[in-house]
Amino acid sequence: MTEIFESTGQSLLYGVVGLVVMAVGFIALDLVTPGKLYHVVWTDRNRGAAVLLGSQSVAVGLVIMKAIEASESEQGLGYGLISTLLYGLAGVLVMTVVGIVIGVVTPGQMGAVVLDDQDDRPHPAAWVQAGMYLGTGFMVGAAIS
């Protein structure tokens, strides 16, 4: 029974680390998109922003999952939590850089284009950016494992 409680506690700690990384990912995405992301998604109901945020959340979750899998070591829980945090933040950094690079090589300001909903549909660029976030999550996840 002690093992169950210990594993549950470890799961909660990894969950807190994952939440921190997701929050940093949200802040990073907010910095590279026009307007306040919270307002754009929840108040303006912008579908392009929701596509970006959703895909980034899945990608960060994938990186965290792979970081947790890779953190199992004989060096202890503290090492696992720190390595998960650092791998997760590295994933967020790479996703943010990819988003910035895409913005540089595409016409117009990428953030503004992605948030340009027309006829209640996200701009196609939102789906491209979402795919880039997911692809980056898979790439970073593979590098971790």
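Numbering of residues starts from 1 in every chain and runs along the sequence as written. The model is predicted, so local features are restricted to residues of pLDDT at least 70 and side-chain atom pairs to those at 80 or more, both for listing and for counting; the totals for chains, interfaces and linings are taken over all residues. Heavy atoms throughout the structure, all of them, feed into the side-chain values; hydrogens and water do not.

S.K.: I tried to follow the environment of Val92 on my own but got confused; where do I start?
M.R.: Each helix is a run of DSSP H or I of at least 4 residues and each strand a run of E of at least 2, with the numbering of both proceeding from the N terminus. Inspection of the secondary structure puts Val92 in helix α4 (residues 77–105). On a C-alpha basis, the gap between Val92 and Arg47 in space is 22 Å, while along the polypeptide they are 45 residues apart. Two residues form a contact once any of their heavy atoms are found within 4.5 Å. The residues touching Val92, leaving out its near neighbours within four places in the chain, are Val21, Val24, Gly25, Ala28 and Val60.

S.K.: Any chance you could explain a nonpolar patch on the surface here in plain terms?
M.R.: Two distance rules govern patches: like charges are joined within 9 Å, and nonpolar side chains (Val, Leu, Ile, Met, Phe, Trp, Tyr) within 5 Å, applied only to residues with over 30% relative accessible area and no salt bridge. Here the open area of atoms and residues is found with the Shrake-Rupley method and a 1.4 Å probe, where only the protein chains shown may cover a residue. Any Lys or Arg side-chain nitrogen located within 4 Å of an Asp or Glu carboxyl oxygen qualifies as a salt bridge. Where nonpolar side chains cluster on the molecular surface, the patch consists of Ile27, Leu31, Val32, Leu93, Val97, Ile100, Val101, Val104 and Val105 and spans about 870 Å² of accessible area. At the level of secondary structure, the elements contributing two or more residues to the nonpolar patch comprise α1 (2–32) and α4. When residues in the nonpolar patch are grouped by element, the largest group, six residues, is from α4. Examined against the element boundaries, Val105 turns out to sit in helix α4. The cut-offs for exposure are 20% and 50% of the maximum accessible area for each residue type, with area from a 1.4 Å probe on protein chains only; residues under the lower value are buried, those over the upper are exposed, and the others partly exposed. For Val105, a relative accessible area of 62% gives the class exposed.

S.K.: Sorry if this is basic, but what is going on with the environment of Leu77 here?
M.R.: Relative to the helices and strands, Leu77 resides in helix α4. By relative accessible area, which is 29% here, Leu77 ends up partly exposed. Between the C-alpha atom of Leu77 and that of Arg45, which follows or precedes it by 32 residues, the distance is 40 Å. Once residues within four sequence positions are removed from consideration, Leu77 is found in contact with Gln10, Leu13 and Tyr14.

S.K.: Please clarify how the packing of aromatic side chains should be interpreted in this entry.
M.R.: Note on aromatic pairs: each is described by the distance of the centres and the angle between the planes. Pairing of aromatic side chains here covers Phe, Tyr and the six-membered ring of Trp, requires ring centres within 6.5 Å, and sorts the geometry by plane angle: under 30 degrees stacked, over 60 edge-to-face, intermediate tilted. Taken as a whole and judged by the stated rule, the model has one aromatic pair. Centre to centre, the rings of Tyr38 and Trp42 are 5.1 Å apart; their planes meet at 25°, and the pair counts as stacked. Remark: Trp42 and Tyr38 occur in helix α2 (residues 37–43); sequence separation between them is four residues, near one turn of the helix. The class for Tyr38 is exposed, based on a relative accessible area of 56%. Judged by its relative accessible area of 48%, Trp42 is partly exposed.

S.K.: Can you help me understand unusual backbone geometry in this one?
M.R.: The bulk of non-glycine residues show a negative phi, and the bulk of peptide bonds are trans. Residue Arg45 is not a glycine yet carries a positive backbone phi of 60°. You can see Arg45 is positioned in the loop between α2 and α3 (47–71). Looking at Arg45, the relative accessible area reads 62%, which means it is exposed.

S.K.: Which parts of the structure should I look at to understand the nonpolar core?
M.R.: In globular proteins that are soluble, nonpolar side chains generally tend to be buried together. Residues enter a nonpolar core if they are buried and are Ala, Val, Leu, Ile, Met, Phe, Trp, Tyr or Cys, with the set joined through side-chain atoms within 4.5 Å. Grouped together as the largest cluster of nonpolar side chains are 25 residues, with contacts concentrated most on Leu29, Leu37, Ala49, Val60, Met95 and Val114. The set of elements that each furnish at least two residues to this core consists of α1, α2, α3, α4 and α6 (124–144). Among the elements that line this core, the one with the most residues is α3, at nine residues.

S.K.: Hey, could you run me through the packing of α1 against α4 in this one?
M.R.: Helix packing for two helices is described by the angle between their axes and how far apart those axes are. Viewed as axis vectors pointing N to C, α1 and α4 meet at an angle of 20°, and their least axial separation amounts to 10 Å. Between α1 and α4, the angle falls in the class roughly parallel. In the packing of α1 onto α4, the handedness of the crossing is right-handed. Here α1 contributes Gln10, Leu13, Tyr14, Val17, Val20, Val21, Val24, Gly25, Ala28 and Val32 to the contact with α4, which in turn contributes Leu77, Gly80, Leu81, Thr84, Leu85, Gly88, Leu89, Val92, Thr96 and Ile100. Orientation is described by axes fitted as lines to C-alpha atoms, over the contacting stretch for helices, and by angles from 0 to 180 degrees between their N-to-C directions. Any angle between 65 and 115 degrees counts as roughly perpendicular, while under 35 counts as roughly parallel, over 145 as roughly antiparallel, and the rest as oblique. It is the rotation of the near helix from the far one that decides the hand of a crossing: anticlockwise by less than a right angle makes it left-handed, clockwise makes it right-handed.

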